[in-house]
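Chains, contacts and geometry: an overview
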Amino acid sequence: MLLPSRGTLWTYTVQRFMPPSPPYRDSTETFTPFGVGYVQLDDIIRVESRLIGDPETFRIGMALQLVPLLDVDGEPIYAFAPVHEETSK
Amino acid sequence: MSEPAVAIVGIGLHPFGRHEGVSGLEMGANAVRLALQDAGLRWSDVQFAAGGSSSSGNADTMVADLGATGLAFLNVHNGCATGGSALVSVYNALASGACDVGVVVGFDKHPRGAFAERPEDWSLPAWYGTAGLMVTTQFFGMKIQRYMHDHGIEPPTLAKVANKAFRNGEKNENAWRRQPLSEDEILNARMVSDPLTQYMLCSPGEGGAALVLCRSDYLTRIPHARPVYLRSAVLQTRQPQSFDVYSPALGMELSPSPSVAAAQMAFERAGVAPSEIDIAQVQDTESGAELIHLAECGLCEHGEQAGLYRRGATEIAGDLPVNTDGGCIANGEPIGASGLRQVYETVLQLRGDAGDRQVPNEPKTGFTHVYGAPGVSACTVLSR
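Let us look at the structure shown here. As the structure is a prediction and not an experimental result, all values here were calculated from the model.

Analysis parameters
Residues numbered from 1 in each chain as written. Chains lettered and ligands numbered in written order. Predicted model: local features only at pLDDT ≥ 70, side-chain atom pairs only at ≥ 80, totals over all residues. Heavy atoms only, no water. Helix = DSSP H or I, 4+ residues; strand = E, 2+ residues; numbered from the N terminus. Buried < 20%, exposed > 50% of the residue type's maximum accessible area, 1.4 Å probe, protein only. Areas by Shrake-Rupley, 256 points an atom, 1.4 Å probe, with all protein chains shown as cover. Rg over C-alpha atoms; globule rule 2.2 N^0.38 Å. Contact = heavy atoms within 4.5 Å. Buried area = accessible area lost by both parts, 1.4 Å probe. Salt bridge = Lys/Arg side-chain N within 4 Å of Asp/Glu carboxyl O. Polar contact = N/O pair within 3.5 Å; in protein donor to acceptor, adjacent residues only side chain to side chain. 1 Å grid on protein atoms, 1.4 Å probe; cavity = no way out; pocket = protein on both sides within 12 Å on 5 of 7 lines; lining within 4 Å. Points joined across faces, edges and corners; volume = space filled by probe spheres on them. Nonpolar A, V, L, I, M, F, W, Y, C, P; charged D, E, K, R; others polar. Phe/Tyr/Trp six-rings, centres within 6.5 Å; stacked < 30°, edge-to-face > 60°. Pairing = 2+ DSSP bridges. Expected span 1.5 Å × (residues − 1). Patch = residues over 30% accessible without salt bridge, like charges linked within 9 Å, V, L, I, M, F, W, Y side chains within 5 Å.

Along the backbone of chain B there are twelve helices and twelve strands. Referenced to the eigenvectors of the C-alpha coordinate spread, the extents of chain B come out at roughly 55 × 50 × 40 Å. Going through the 384 residues of chain B one by one, you find that 63% of them count as buried. Surface summary for chain B: the accessible area is close to 13800 Å², and the carbon and sulfur share equals 47%.

Set out below in structure tokens:
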């Protein structure tokens, strides 16, 4: 099934400390807090995802779209970002 | 209430906190010795033991310390439900008549900081870890964030939960964190996993807890025992499409948490209704978990929590005292010992031995609940 690339934020938090490493790979020098949430894709599924954008702007129900994200090894993972950030660029 | 088959006759606790130079196994063995002393029984009287830790060794090796009596000893490794699972095993062995006297023990000694887990040990792909999603606190932050949105709960209620925990911890000589903090100090502390601040979350810690149990018809052989009856002990795991720790995706129709099923079964088997419970210990991994678990276990309605905490219903002198020993927030969470600490506290309260934090009016019934990754819950119902 092809899932929609846009959705709405169902819930979220902000990862403010560096996750235990391993399995996460980063260093305390370069770590910056990141958003994590469940993004509801139509009425099909809610997927857990990294969130891009200013954590202070996250709100349940906000519109999000799929964006590419690379992990520290350069491996592609996915993330969602607020739709308005994309259109304002 | 039907005639209960199993009684708790001894309780022991190695204080929770930090104990340099003392191993997890030593803390567990200390707790067993204290529980046996409390029961007036010897290690050689024990026919079956079950216990374990998450990361501090094999419980059955403590026979080197306690005595190699040849007893049956089951090692349990079941995450946050390690103590609860061990208790279920011993309860069933006693209730079935397979043995007369059993011991349950749980202990752990965790380093500082969040639990480090390998995705492959949890049936998850490696990317889940490298993406930074293998963090239990994220789940708790996201679950309470949604719950607050759905049920009209605001951050000050989260602060009230932690404030109560530290005040209760202050009255508990075995607790780790005994310094009361104001609701403002808790609300304004460093944010860890929104909406949860540093003081709303429990920390991995150290400690040990043990119980001695026997069949009720064995009580005539220990006339000095002060039994508290274990009316039920139930373990349940998650259902499809549930919102649990380490869930990469959720269905649209969420199944209830395993806490719901475990609590329902525990009440049914005990023949006790949630409304008949006088004191409750529920998993407070963080402030929000205490609020959610009270409702999931049937002890209040969803959305009722803000009012309950505002009017002090969950205080030691309230209608339904909750986490009277300070819970995980004040005691920390040595995973293997945590669920048995709840039972220890409940027995102490039902005996009337809880000192400064004794619940008034001679409580007769108690309930305990643990919850943890990846969606497991264990509950008990106890009575005098």
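Now that the structure is up, let's keep going.
Moving on, we get to the overall build of chain A. Across its full length, chain A holds one helix and five strands. Counting helices and strands in the order they occur from the N terminus, chain A gives β-β-β-β-β-α. Whereas a compact globule of 89 residues would reach a radius of gyration of roughly 12 Å, chain A reaches 13 Å, a difference of no more than 12%. Seen through its C-alpha atoms, chain A measures out along the principal axes to roughly 35 × 30 × 25 Å. A buried classification covers 45% of the 89 residues belonging to chain A. Once local pairs closer than 6 in sequence are excluded, the contacts in chain A between residues at least 24 apart make up 49%. Split by element, the accessible area of chain A, about 4700 Å² in all, is 56% carbon and sulfur.

The partner chain B presents 33 residues to the 31 residues of chain A that form the contact. Across the interface of chain A and chain B, roughly 2800 Å² is buried in total on both sides, 63% from carbon and sulfur atoms. Applying the counting rule to chain A against chain B returns one salt bridge. In this structure, the connection of chain A to chain B is made through 15 residue pairs in polar contact (both at pLDDT 80 or more). Elements supplying a minimum of two residues to the side of chain A that touches chain B: β1 (6–15), β2 (34–41), β3 (45–51) and β5 (76–82) of chain A.

Residue and element names in this part refer to chain B. Reported here for the largest pocket is a volume of approximately 1200 Å³. Lining the largest pocket are 49 residues, and of these G113, A114, C202, S203 and P204 lie nearest its centre. The biggest single contributor to the lining of the largest pocket is helix α5 (residues 136–151), with three residues. For the lining of the largest pocket, the per-class residue count stands at 25 nonpolar, 15 polar and nine charged.

Counting across every chain of the model gives 16 aromatic pairs over all chains. On the basis of an interplanar angle of 70° and a centroid distance of 5.8 Å, the ring pair of Y12 of chain A and F58 of chain A is categorised as edge-to-face. One end of the pair, Y12 of chain A, is in strand β1; the other, F58 of chain A, is in the loop between β3 and β4 (63–70), with 46 residues separating them in the sequence. Exposure remark for Y12 of chain A: the relative accessible area of 11% places this residue in the buried category. Judged by its relative accessible area of 1%, F58 of chain A falls in the buried class. Aromatic pair Y78 of chain A and W127 of chain B: ring centres 6.2 Å apart, planes at 55°, arrangement tilted. Placement of the pair is Y78 of chain A in strand β5 and W127 of chain B in helix α4 (residues 126–130), with the two residues belonging to separate chains.

What follows covers empty space enclosed by the protein. All names here are of chain B. Evaluated as defined, the whole model comprises five cavities of 30 Å³ or more. A volume near 70 Å³ is recorded for the largest cavity. Around the largest cavity, the lining is made up of 15 residues, and of these G84, G339, T368, A378 and T380 lie nearest the centre. Elements represented by at least two residues in the lining of the largest cavity include exactly α3 (82–95), α12 (335–351), β11 (365–372) and β12 (376–383). Here the lining of the largest cavity is composed, by residue class, of eight nonpolar, seven polar and no charged.

What follows concerns the pairing of β12 of chain B. Residue and element names in this part refer to chain B. The buried count for β12 comes to eight of eight residues, which makes it a mostly enclosed element. Along β12, one buried face is formed by V376, A378, T380 and L382 and the opposite face, lined by S377, C379, V381 and S383, is buried too. Here eight bridges tie strand β8 (residues 228–237) to β12, and the two strands are oriented antiparallel to one another. Bridged to L235 within β12 is A378. Where β11 meets β12, eight bridges bridge the pair, whose relative direction is antiparallel. Considered in β12, the bridge of F367 is made with V381. Remark: three residues form the turn of the hairpin made by β11 and β12, two consecutive strands paired antiparallel; G375 in that turn has positive phi of roughly 115°.

Time to look at helix α1 (residues 24–39) of chain B. All names here are of chain B. Here α1 is 16 residues long and its end C-alpha atoms lie 23 Å apart, about the 22 Å a rise of 1.5 Å per residue gives. What α1 keeps buried is the set G24, M27, G28, A29, A31, V32, A35, L36 and A39. The elements touched by buried residues of α1 are β1 (6–17), α2 (63–66), β4 (101–109) and β7 (206–215).

On the surface, a nonpolar cluster with roughly 330 Å² of combined accessible area is contributed by M1, L3 and I44 of chain A. Secondary-structure assignment places M1 of chain A in the segment before β1.

Take helix α9 (residues 287–296) of chain B next. All names here are of chain B. Most of α9 is tucked away, with ten of its ten residues classed as buried. Taken residue by residue, α9 has S287, G288, A289, E290, L291, I292, H293, L294, A295 and E296 as its buried positions. Where α9 begins, the side chain of E286 points an oxygen toward the backbone nitrogen of G288, at a separation of 2.6 Å. Just beyond α9, the residue with positive phi is G298, at close to 85°.

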